[in-house]
Amino acid sequence: VHRPKISGVVFDFGGVMTTSTMPERVRKCTDEFGIDWKHLADGFAKYRRLMDGGFITMDEMYDLIWADADIALKPEQKARILEEDYASFLEGYRNLKTLAWMKELKASGRKVGILTNMPRFFAERFRKVFADFIAVADAMVVSGEEGMFKPQKRIYDLLAERIGLKPENLCFVDDVEANCEGARRAGWKAVRFEDNEQVKRDFQILVG
């Protein structure tokens, strides 16, 4: 069976380049404030991609969630949740094992890309805090800067165009299965990230 050569590996940001994801931190707040997490889960499913695509701000997303759930929060509670959501993606959670793997892939002659659902206001800080990860990448697409988001096919097509490789020569690494599926629908290979050891094993199996 002919297997197309994987010449490029493209990485998601949250949960792949970071060791923590937003729900862990925000959930501590909602537990403390006595808010049912289901309201947040439903709200993120409904609105988070709009935020990632740059169509609404984080404040607007949370206001929509609270309105849908008929929840009235004090200003300091709202501010705390925003702060925890913002912090979880950036400061102090750099996954250096992922950075090392990105460098290994680059040294092996493969191209490296970054494809992330992230609003524009996150992206400014991301470019500073994760400058060493970004320096390894041959191409990057940030959803909020393009007005599109995973798992839309066009965002994968845009990354493929920027990195200069055909879809069949690309592999996507993401911790969300729906985004991996989106990559596969766009003609890519994909490996779901659970931890660094597992993802490297699964990638080796994929490339044979």
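Note: the structure precedes this text.
Throughout what follows, the structure given in this document is the object of discussion.

1. Some thoughts on the pairing of strand E4 (residues 170-174)
In terms of burial, E4 is a largely internal element, five of the five residues being buried. Burial along E4 is two-sided: the residues Leu-170, Phe-172 and Asp-174 and Cys-171 and Val-173 are all buried. Bridging between strand E1 (residues 8-11) and E4 involves four bridges; their strand directions are parallel. Among the inter-strand pairings, Val-9 is bridged to a residue of E4, identified as Cys-171. One ladder, built from four bridges, connects E4 with strand E5 (residues 189-192); its direction is parallel. Residue pairing in the sheet places Cys-171 in a bridge with Lys-189 of E5. As a crossover connection, the stretch from E4 through helix H10 (residues 177-185) into E5 is right-handed.

2. Let's talk about the nonpolar core
Within the largest apolar cluster, 48 residues are counted, with the highest numbers of intra-cluster contacts made by Phe-11, Met-17, Met-61, Tyr-62 and Phe-126. In this structure, Val-10, Ala-139, Phe-172 and Ala-183 belong to the second largest nonpolar core, which totals 19 residues.

Cut-offs applied
- Residues numbered from 1 in each chain as written.
- Predicted model: local features only at pLDDT ≥ 70, side-chain atom pairs only at ≥ 80, totals over all residues.
- Heavy atoms only, no water.
- Buried < 20%, exposed > 50% of the residue type's maximum accessible area, 1.4 Å probe, protein only.
- Helix = DSSP H or I, 4+ residues; strand = E, 2+ residues; numbered from the N terminus.
- Pairing = 2+ DSSP bridges.
- Right-handed = clockwise from strand over helix to strand, strands pointing away.
- Core = buried A, V, L, I, M, F, W, Y, C linked by side-chain atoms within 4.5 Å.

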